[in-house]
Amino acid sequence: MPTPLPDNDIQQALSGLPHWTRAGDSIQRKFEFPDFRGAMAFVTKVADIAESINHHPDINISYNHVTLSLTSHDSGGITNRDLKLAAQIDDVLDSR
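No experiment lies behind these values; they were computed from the predicted model shown.

A. Seen up close, the pairing of strand β2 (residues 26–32). Relative to β2, strand β1 (residues 21–23) is paired through three bridges, and the arrangement is antiparallel. Note that in β2 the partner of R22 across the bridge is I27.

Here it is, written out as structure tokens:
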């Protein structure tokens, strides 16, 4: 089981993930798409990535807005696993 990262390590890592913010024991990013279909296509891509690494984000969908929250529930906080998934999610957006 991964160990939660110290606050300074999290802040340093977030400097390389500029759209992600700290939200308690998770990191979070909000996304906006042209329509519901675009939001759902993005969520499907995120689900595929998450499933492939067995790490699953909390996902909130409201029409064309998607909010992702990443935390390692089994570790009780933010771990390198969350930061890795955030970077992979950002890569999905860069490849559009």
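B. Quick peek at helix α3 (residues 80–94). Here α3 is 15 residues long and its end C-alpha atoms lie 21 Å apart, about the 21 Å a rise of 1.5 Å per residue gives. Within the sequence span of α3, burial applies to D82, L83, L85, A86, I89, D90, V92 and L93. Down the axis, α3 shows its buried residues gathered within 170° of arc, on one side only. Exposed side chains of α3 directed beyond 90 degrees from the buried face belong to N80 and D94. Packing partners of the buried residues in α3 comprise α1 (7–14), β2, α2 (36–53) and β4 (65–70).

C. Structural detail: the nonpolar core. Ranked by size, the top nonpolar core spans 23 residues in total, and within it W20, I27, F31, F42, V66, L68 and I89 carry the most contacts. For this core, the secondary structure elements donating two or more residues are α1, β2, α2, β4 and α3. Sorting elements by how many residues they give to this core places α3 first, with six residues. What L68 contacts, discounting residues up to four positions off in sequence, is W20, I27, Q28, R29, F31, F42, V46, D58, I59 and I89.

D. Summary view of the sheet that holds β2. Pairing is antiparallel in the open sheet, where four strands are placed in the order β1-β2-β4-β3. Of all the strands in the sheet, just β1 and β3 (58–62) have a single pairing partner and so form its edges. Each neighbouring strand pair of the sheet contributes to a mean axis angle of 30°, computed without reference to strand direction. Those strands touched by α1 are β1 and β2, and its axis lies near 145° from that of β1. Along the sheet, α3 contacts β2 and β4; its crossing angle with β2, the most-contacted strand, is approximately 10°.

Here is what the cut-offs are and how they apply
- Residues numbered from 1 in each chain as written.
- Predicted model: local features only at pLDDT ≥ 70, side-chain atom pairs only at ≥ 80, totals over all residues.
- Heavy atoms only, no water.
- Pairing = 2+ DSSP bridges.
- Helix = DSSP H or I, 4+ residues; strand = E, 2+ residues; numbered from the N terminus.
- Expected span 1.5 Å × (residues − 1).
- Buried < 20%, exposed > 50% of the residue type's maximum accessible area, 1.4 Å probe, protein only.
- Arc of directions from axis to C-beta.
- Contact = heavy atoms within 4.5 Å.
- Core = buried A, V, L, I, M, F, W, Y, C linked by side-chain atoms within 4.5 Å.
- Axes fitted to C-alpha atoms, helices over the stretch in contact; angles between N-to-C directions.

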